[in-house]
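Spelled out, the chains give:
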Amino acid sequence: MTQLTPHPDRLLPADPTTLAIARRLYGEVAGAPILSPHGHVDATLLLENAAFRDPAELLITPDHYVTRLLHAHGVALGDLGLADRGVASTASGSDIWRRFASHWHHFAGTPVRYWFETELHDVFGITEVPSADTADSIYAQIAAKLAQPGWRPRALFERFNIEVLATTDDPADSLDAHRALAEDPTFHGRVLPTFRADRYMDPSAPAWRGALTAIAEAADIDTGTYAGLIAALRNRRAHFITHGATATDTGVLEPTAEPLPLAEAERIHAAALAGTATEADAVAYRRNMLYRYAEMAAEDGLVMQLHPGVIRGHHTPTLERFGPDTGHDLPDQGSFTRPLRRMLQDFGTNDTFRLVLFTVDETVFSREIGPLAGFYPSVYAGAPWWFIDTPAAIARYRSAVTDSAGFAKTSGFIDDTRAFCSIPARHDMSRRADAAFLAGLVATHQLGEDEAAVLIRDLTDRIPREVFRL
Amino acid sequence: MTQLTPHPDRLLPADPTTLAIARRLYGEVAGAPILSPHGHVDATLLLENAAFRDPAELLITPDHYVTRLLHAHGVALGDLGLADRGVASTASGSDIWRRFASHWHHFAGTPVRYWFETELHDVFGITEVPSADTADSIYAQIAAKLAQPGWRPRALFERFNIEVLATTDDPADSLDAHRALAEDPTFHGRVLPTFRADRYMDPSAPAWRGALTAIAEAADIDTGTYAGLIAALRNRRAHFITHGATATDTGVLEPTAEPLPLAEAERIHAAALAGTATEADAVAYRRNMLYRYAEMAAEDGLVMQLHPGVIRGHHTPTLERFGPDTGHDLPDQGSFTRPLRRMLQDFGTNDTFRLVLFTVDETVFSREIGPLAGFYPSVYAGAPWWFIDTPAAIARYRSAVTDSAGFAKTSGFIDDTRAFCSIPARHDMSRRADAAFLAGLVATHQLGEDEAAVLIRDLTDRIPREVFRL
Amino acid sequence: MTQLTPHPDRLLPADPTTLAIARRLYGEVAGAPILSPHGHVDATLLLENAAFRDPAELLITPDHYVTRLLHAHGVALGDLGLADRGVASTASGSDIWRRFASHWHHFAGTPVRYWFETELHDVFGITEVPSADTADSIYAQIAAKLAQPGWRPRALFERFNIEVLATTDDPADSLDAHRALAEDPTFHGRVLPTFRADRYMDPSAPAWRGALTAIAEAADIDTGTYAGLIAALRNRRAHFITHGATATDTGVLEPTAEPLPLAEAERIHAAALAGTATEADAVAYRRNMLYRYAEMAAEDGLVMQLHPGVIRGHHTPTLERFGPDTGHDLPDQGSFTRPLRRMLQDFGTNDTFRLVLFTVDETVFSREIGPLAGFYPSVYAGAPWWFIDTPAAIARYRSAVTDSAGFAKTSGFIDDTRAFCSIPARHDMSRRADAAFLAGLVATHQLGEDEAAVLIRDLTDRIPREVFRL
């Protein structure tokens, strides 16, 4: 390609018959507003609405989807702007960008390449293909845009046509940024907090003790006891709800949920504070907490998102130098049917409870997630996540889940991203992938095109609104 | 769709070149007689040949493929006609049907939708698309048909062009209905019993004790000892064979087969009767029984069907209220290579022994079932089962298994259904899926069309006859 | 098919738009030299350059891909030329060939069929379709060719356009054949040894003791101690490097690598020699040896190939009669993320270390291999292996791995074969499969055709050269 020109039919099927159907279906939702019920953009970004500092800081350094593949090709994380043991990187934005641009060919066929092509072209008006030669020119063009008011976060938020953006927040967070945004008459988007209480679950984690202190202050409840921690979590969930939260998120290695008797939970809580808890204690405590999170969700109606199966910080030396979320969180085998049995026994048919299951192990889609969502009213099949948030994997997901659960028991698309400027590209990718899948059903006479048109509108708008109680 | 009109090319590929080939291949078998070597229709249905009571009782209430997805959308099982703790449902047939029809859109893209479209149109001549508005009209049309002699079980059996129908029966069953049908000069179909001895395997199951009593009476052999139970099972297998049985079926959670010394088996049998058997005892007993079932199959030549990996009654509250087979039997991870090793060491190359492996975990097709069927003369790859008895999964199955095992080591299609009227639709779906897969091989020049035509005829007729010794 | 005429477009997509692109991409590499960095051809075959004895001995008897499916259809291995407990088979070459030819239809849709069609037609000029009727005629034609100088190993090696052929060799091997070939001015190919030290890893294996003796003699180092064994292995790796080796290969059941303290390794080594080592000792010893193999690779730069997850000799009676590699090595579930963690912690970002991961469990491609290769500079995703070295599985592999790792972190094609005459057919199959996959990306506008043309050239030539340090 001599020019960066995303094709209007990209990701749509090659077969002319199916392509014509897919074009019409995509047309139904191409311009629909974006609902982003799960992601990692910071609310303060929109509150402060400061200009983005430079292209590398905006697009490369914080995006572990980008840095991990550069690292896989021998680029040191420090040379991509990451601080090394707290020491800031000396790499300049243009150096970082040049490193990315000269590895552009290594992203061929990956979703990162796909997102960047759309993003560079549609958001920043770039028409050159990134390379060592074009790097500086593209960098300068983006930098020039970022200096203009039209490329500040709020302007982009409006141009991206984002209606709802959910953030991910710690229970101890004051949510002042969310409140300020909601009260700001000049900002019209909905930015909702999401309650993520992972660090309160694991008494064997170094961060647990500090987390207890933080939430104790936030809730003004003593968390020296297990009952106190539960009370503080309930208190903060209510606080999140008053600030517009409709969902929680929980990341665990294995999704087993098993309640403990109060006395046993208190014993482990005390032992953990005393530094005498065993690993078995920690496992039992985590499984009890996951059960309690479901129990609370059945009480207050916050939609429970579950993201299991990722081994975090697989490469300890990199973790120690560059910290978490640096590209070596890696998938493990997944399972839901057994681990979730007790939780679903007790809450699976509860009218208030809602559980959205995500995975990085595709094998569970047809084997477990589809069948679970195809029986339990509370269970929804989350969109392909992280490593499998790709056009090809979305096609496999639809094929695997639809058989058991249809379309209305899936979650709708989740971008799950820190990369603010990639949000429209990601949602567009999902809409194209759904159009392609539905067109295949229409072309093989499994579905009428009129019904497919309703379905793609539902998948883009009605379903995420309902599933996430927006 | 304003009209319910199943397209003649449905499920065939969209690409014109491949479609033309697929049409010709499908034409080879579109009208072939149905061989149904595994299913759950009751022989008495055909013996008594009574008119079906009403559309809901025929098509909705007993079909957990239908009720589970309605339940997933919040419809109570009691409102679908299921008895709640033995108390009959007060829902009328037309109410139940209306509930189904108003959720018709929720089945879009699922095999249930596909089967119903074909079944409603071809069997009952319905041309309206089900919905809340058309529900009563469609219900009345079906009810009117059911009152006519042409829609009684035997008339449908003939119209469906069913040549062989295998039922699933308990070893203690007298098989009187099968004998009467075989002796009835006015009925020309073959209705064969299948020996399913699951409830004799698990001494930790409440039903085990009663099962021992039932088979003791049927075989007139004391089952107070393990040797007695084995003798009784042998006796009943012989009884089944004299009534035309060619196969057994066994459903287990995990397929490990390990023989026990007689004395140890007797010890556990006695302990179980005395109520003192441990869970470890029960596991060892079940694994020994699975081994013995294979041993008996190697003696008497009944084809052994194995259906592992389903966690039955996942939602205990629903199980307690509405009983088994109510939509919450859910898949677990599958494995065969290790668990079957001892069984295949001893019987895998035995001329009489034949083992058909089924799974609800698609990952074992390319990893285990294909390779096992590609070496062991006794092992056949069963058609995709239950949650994966779908057009998309059949395509994945053929793609995964053919590489290692070709076509002639697969079982041919199994409908495995309680839904009598769906049998033609299900077999037709499988024939179309096979035509589509073979057409893909022809269109990419991996197979000649003449050879593909032979293969689809074999898959539909010769192969199931041979594999199940019909 | 009345004629055996491999179609020029075989394996390329049916859709005309995509087909046109795929033809052009395939054309870029159709005639490229063959790089075979992993296989099982014996160097002495090329050194001695003797005429192949007969078609069956060349094409059937030693090829377990062929014999296993014939065995699955009831053909006894002894009737295919395999020695039974050391007693030579009485089956004549033409009898063996006739058995194969009369089962030709059973290979329909399998890669073996695909390879044979190409091989029989392109290498031996056969135009008849194999069958019982044509068997003798085809046998005679091949036999006549084998008697001619143009069909001796070296002539075929040149005609096949093989530039590099890696063999698989025991550390105790003198590599005299490799040296002689390298010094032979009349032979221009590169035949490189590969260091495969499996039999030194497992002190519980009967062959271990003999292996220690063999390598002790080869290295002239006493292997009565663990330190001695490690020294001998280092010594032999150096010997292999001087004879052109660039890689090692290791086959294990599970890929866990965990170092042991020297004293503990010595204790187990001594206990194993004394016959007192426990199974737990053997496990710990094997895991330590796998770790040490990685440690040595990080020192000397031999590329480490890892082939885990195959249960060898699944059917003991066949193993005892016909020996290893007779078709019943069967896949088990695979995993890498956890088992390799310690190895990758210590060597994953080492500049010298390189690890190519292979699997027979497709589920690990998107879940583990792609993500690992997408972060660790040292990790490469090996081509689909053995049961999944097929056109359909290669398409699934590319779709699963590219998302996380792109193309440049994959290994390039590996034929892994003992069947010398199938090498061109296998590489051609892979080139066609890659052309088809890339054409799909181009046709859906995810990749420009110019970039796809560069990629298929890289996948065929540059990438295997770099990955295997050729």
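About the criteria used
In this convention, every chain numbers its residues from 1, walking through the sequence in written order. Chain labels run from A onward and ligand labels from 1 onward, assigned in the order the entries are written. Per-residue local features of the predicted model are confined to residues with pLDDT of at least 70, and side-chain atom pairs are confined, for both listing and counting, to 80 or more; whole-chain, interface and lining totals are unaffected and use all residues. Each side-chain value is worked out from all heavy atoms of the structure, with water and hydrogens disregarded. UniProt positions are given in the numbering used here, feature names are shortened, and annotations may be inferred rather than shown by experiment. We count a stretch as a helix when DSSP gives it H or I for four or more residues in a row; a strand needs E for two or more, and each element gets its number in order from the N terminus. With the radius of gyration taken over C-alpha atoms, the globule rule is written as 2.2 Å times the number of residues to the power 0.38. The cut-offs for exposure are 20% and 50% of the maximum accessible area for each residue type, with area from a 1.4 Å probe on protein chains only; residues under the lower value are buried, those over the upper are exposed, and the others partly exposed. The contact rule is simple, with two residues in contact once any of their heavy atoms fall within 4.5 Å. In short, Shrake-Rupley with a 1.4 Å probe defines the accessible areas, and a residue's cover is counted only from the protein chains shown. Note: buried area is the sum, over both parts, of the accessible area (probe 1.4 Å) each one loses when the two are combined. In the sections that follow, a salt bridge refers to a side-chain nitrogen of Lys or Arg positioned within 4 Å of a carboxyl oxygen of Asp or Glu. A pair of strands is labelled paired if DSSP reports no fewer than 2 bridges between them. The convention used is that axes are lines fitted to C-alpha atoms, helices contributing only their stretch in contact, and that angles between N-to-C directions extend from 0 to 180 degrees. All the domain ranges listed were derived from an automatic or database domain assignment. N or O atoms closer than or at 3.5 Å make up a polar contact, with two conditions inside protein: a donor-capable atom paired with an acceptor-capable one, and, for residues adjacent in sequence, both atoms drawn from side chains. Here the copies are superposed with least squares, the fitted atoms being C-alpha atoms of residues at a pLDDT of at least 70 in both. Lys, Arg, Asp and Glu make up the charged group, whereas Ala, Val, Leu, Ile, Met, Phe, Trp, Tyr, Cys and Pro make up the nonpolar group; the residues left over, Gly among them, are polar. The reported bend at a residue is simply the angle between two axes, fitted to the 7 residues ending at it and to the 7 residues beginning with it. In these notes the angle categories are as follows: under 35 degrees is roughly parallel, over 145 is roughly antiparallel, 65 to 115 is roughly perpendicular, and the rest is oblique. Each crossing gets its handedness from the near helix: less than a right angle anticlockwise from the far helix is left-handed, clockwise is right-handed. pLDDT is a residue-level measure of predictor confidence that goes from 0 to 100. Aromatic contacts are taken between Phe, Tyr and Trp rings whose centres are within 6.5 Å, Trp giving its six-membered ring; a plane angle under 30 degrees counts as stacked, one over 60 as edge-to-face, and the others as tilted. Criterion for a charge above a ring: Arg CZ or Lys NZ at most 6 Å from the ring centre, at most 35 degrees from the ring normal.

Looking at an unreviewed UniProt entry, one finds chain A named Uronate isomerase, with Mycetocola lacteus as its source organism. Heading Sequence similarities (unreviewed entry) of the UniProt record for chain A holds this comment: "Belongs to the metallo-dependent hydrolases superfamily. Uronate isomerase family." Under the UniProt heading Catalytic activity (unreviewed entry), the entry covering chain A gives this text: "D-glucuronate = D-fructuronate".

A. Region of the structure containing the overall build of chain A. Secondary structure summary: chain A contains 19 helices and 10 strands in total. Rg of the C-alpha trace for chain A: 23 Å, near the compact-globule value of 23 Å for 470 residues, within the 12% margin. If one aligns the C-alpha atoms of chain A with their principal axes, the spans along those axes are about 70 × 60 × 45 Å. The buried share of chain A, taken over its 470 residues, is 63%. Put simply, 77% of the contacts in chain A that link residues at least 6 apart link residues at least 24 apart. Surface accessibility of chain A: about 15,300 Å² in total, with carbon and sulfur atoms responsible for 53%.

B. Highlighting the interface of chain C and chain B. The partner chain B presents 43 residues to the 49 residues of chain C that form the contact. Both faces combined, the contact of chain C with chain B buries some 3,600 Å², and carbon together with sulfur accounts for 53% of it. When residues of chain C are sorted by the area they lose upon contact with chain B, His-314, His-315 and Gln-333 of chain C head the list and together hold 16% of the total. The interface formed by chain C and chain B holds three salt bridges in total.

C. Region of the structure containing the sheet that holds strand S3 (residues 190-192) of chain C. All names here are of chain C. If you walk across this open sheet you meet the three strands as S1-S2-S3, and the pairing is parallel. Of all the strands in the sheet, just strand S1 (34-36) and S3 have a single pairing partner and so form its edges. Going from strand to strand, the sheet's axes swing by 10° on average, the running direction of each strand aside. For strand S2 (residues 162-166) and S3, the ladder comprises three bridges, and the chain directions are parallel. The residue bridging Ala-166 from the neighbouring strand is Leu-192, located in S3. Lying over the sheet, helix H18 (residues 423-443) contacts S1 and S2, oriented at roughly 100° with respect to S1.

D. Quick peek at the pattern of salt bridges. In total, this model carries 114 salt bridges over all chains according to the counting rule given. With its nearest N and O atoms 3.0 Å apart, the salt bridge here joins Arg-98 of chain B to Asp-136 of chain B. Residue Arg-98 of chain B is found in helix H5 (residues 93-102), and its partner Asp-136 of chain B is found in helix H7 (residues 135-146); the two are separated by 38 residues along the sequence. Using a relative accessible area of 29% as the deciding quantity, one classes Arg-98 of chain B as partly exposed. For Asp-136 of chain B, a relative accessible area of 41% corresponds to the partly exposed category. Note that Arg-396 of chain C and Glu-362 of chain C form a salt bridge whose closest N and O atoms lie 2.7 Å from each other. Of the two residues, Arg-396 of chain C sits in helix H17 (residues 391-405) while Glu-362 of chain C sits in the loop between strand S9 (355-357) and helix H16 (363-373), which places them 34 residues apart along the sequence. Judged by its relative accessible area of 26%, Arg-396 of chain C is partly exposed. Residue Glu-362 of chain C is classed as buried on the basis of its relative accessible area, which comes to 15%. When salt bridges with common partners are traced through the structure, they connect Arg-10, Asp-428 and Arg-432 of chain A into a single cluster.

E. Representation of the domain arrangement of chain A. Residues and elements named next belong to chain A. Annotation of chain A at the domain level lists domain 1 (16-50 + 153-467) and domain 2 (51-151). In this complex, domain 1 contributes 29 residues to the contact, which on the side of domain 2 involves 25 residues. Summed over both partners, the interface of domain 1 with domain 2 comes to about 2,500 Å²; 62% of that surface belongs to carbon and sulfur atoms. Per-residue buried area on domain 1 facing domain 2 is highest for Arg-321, Phe-322 and Cys-421; these three make up 23% of the total on that side. Its salt-bridge partner being Asp-84, residue Arg-321 comes within 2.3 Å of it at the nearest N-O pair. On inspection of domain 1 and its partner domain 2, the count reaches three residue pairs in polar contact (both at pLDDT 80 or more). Elements with a minimum of two residues in the side of domain 1 that touches domain 2: helix H8 (153-159), helix H14 (316-322) and helix H18 (423-443). With five residues, the top contributor of residues to the side of domain 1 that touches domain 2 is H18.

F. Geometry of the relation of the copies chain A and chain C. Least-squares fitting of chain A to chain C yields an RMSD of 0.0 Å, with the superposition described by an axial translation of 0.0 Å and a rotation of 120°. Both copies are brought into coincidence by an operation consistent with a three-fold rotation axis. Measuring from the rotation axis to each C-alpha of chain A, the shortest distance belongs to Asp-15 of chain A, at 3.6 Å. When the interface residues of chain A are mapped onto chain C, a mere 6% of them again lie at the interface, so each copy presents a different face.

G. Representation of the interface of chain A and chain C in the model. Listed per partner, the contact involves 49 residues of chain A and 43 residues of chain C. Together chain A and chain C conceal approximately 3,600 Å² of surface at their shared face, both sides included; 53% is due to carbon and sulfur atoms. Linking chain A with chain C are three salt bridges. Across the chain A-chain C interface, the total number found is 22 residue pairs in polar contact (both at pLDDT 80 or more). Secondary-structure elements contributing two or more residues to the side of chain A that touches chain C are helix H4 (64-72), helix H6 (111-124), H14, strand S8 (330-331) and helix H17 (391-405) of chain A. Classifying every residue of the side of chain A that touches chain C gives 20 nonpolar, 19 polar and 10 charged.

H. Helix H19 (residues 449-467) of chain B, seen in detail. The largest bend along H19 of chain B reaches roughly 55° and is located at Asp-458 of chain B. Taken together, the buried positions of H19 of chain B are occupied by Glu-451, Ala-452, Ala-453, Leu-455, Ile-456, Asp-458, Leu-459, Thr-460, Ile-463, Pro-464 and Val-467 of chain B.

I. A look at the pairing of strand S2 (residues 162-166) of chain A. Residues and elements named next belong to chain A. Counting buried positions along S2 yields four of five residues, so the element is predominantly enclosed. Of the strand pairs in this sheet, strand S1 (residues 34-36) and S2 are connected by three bridges, and their pairing is parallel. Bridging across to S2, Ser-36 finds its partner in Leu-165.

J. The relation of the copies chain C and chain B, seen in detail. Overlaying chain C with chain B gives an RMSD of 0.0 Å, the required rotation being 120° about an axis along which the chain moves by 0.0 Å. Here only 6% of the contact residues of chain C are again contact residues in chain B; the copies associate through non-equivalent surfaces.

K. Molecular detail of the packing of helix H16 (residues 363-373) of chain B against helix H17 (residues 391-405) of chain B. All names here are of chain B. Running from amino to carboxyl end, H16 crosses H17 at an angle of 40°, the nearest separation of the two axes being 8 Å. Between H16 and H17, the crossing angle belongs to the class labelled oblique. H17 is crossed by H16, and the crossing has right-handed handedness. Here H16 contributes Phe-365, Ser-366, Gly-370, Pro-371 and Ala-373 to the contact with H17, which in turn contributes Tyr-397, Ala-400, Val-401, Ser-404 and Ala-405.

L. Seen up close, the environment of Arg-234 of chain C. Residue and element names in this part refer to chain C. Along the chain, Arg-234 turns up in helix H11 (residues 226-242). For Arg-234, a relative accessible area of 34% puts it in the partly exposed group. Those residues within four positions of Arg-234 in sequence are excluded, and the remaining contacts are Met-296 and Glu-299.

M. Structural view of the confidence of the model for chain A. Mean pLDDT over chain A works out to 97, with 100% of the residues at or above the 70 mark. The complex prediction reports pTM at 0.98, with the ipTM value standing at 0.97.

N. Molecular detail of the packing of aromatic side chains. Under the criterion given, the structure shown has 54 aromatic pairs over all chains. With a centroid separation of 6.2 Å and 75° between ring planes, the pair formed by Tyr-226 of chain A and Tyr-285 of chain A is classed as edge-to-face. Within this pair, whereas Tyr-226 of chain A is found in helix H11 (residues 226-242), its partner Tyr-285 of chain A is found in helix H13 (residues 279-300), the two being separated by 59 residues in sequence. Residue class for Tyr-226 of chain A comes out buried when judged on its relative accessible area of 4%. In this structure, Arg-432 of chain A packs its charged tip against the face of Tyr-26 of chain A, placed 4.2 Å from the ring centre. Positioned above the aromatic ring of Tyr-65 of chain C, the side-chain terminus of Arg-426 of chain C is 5.0 Å from the ring centre.

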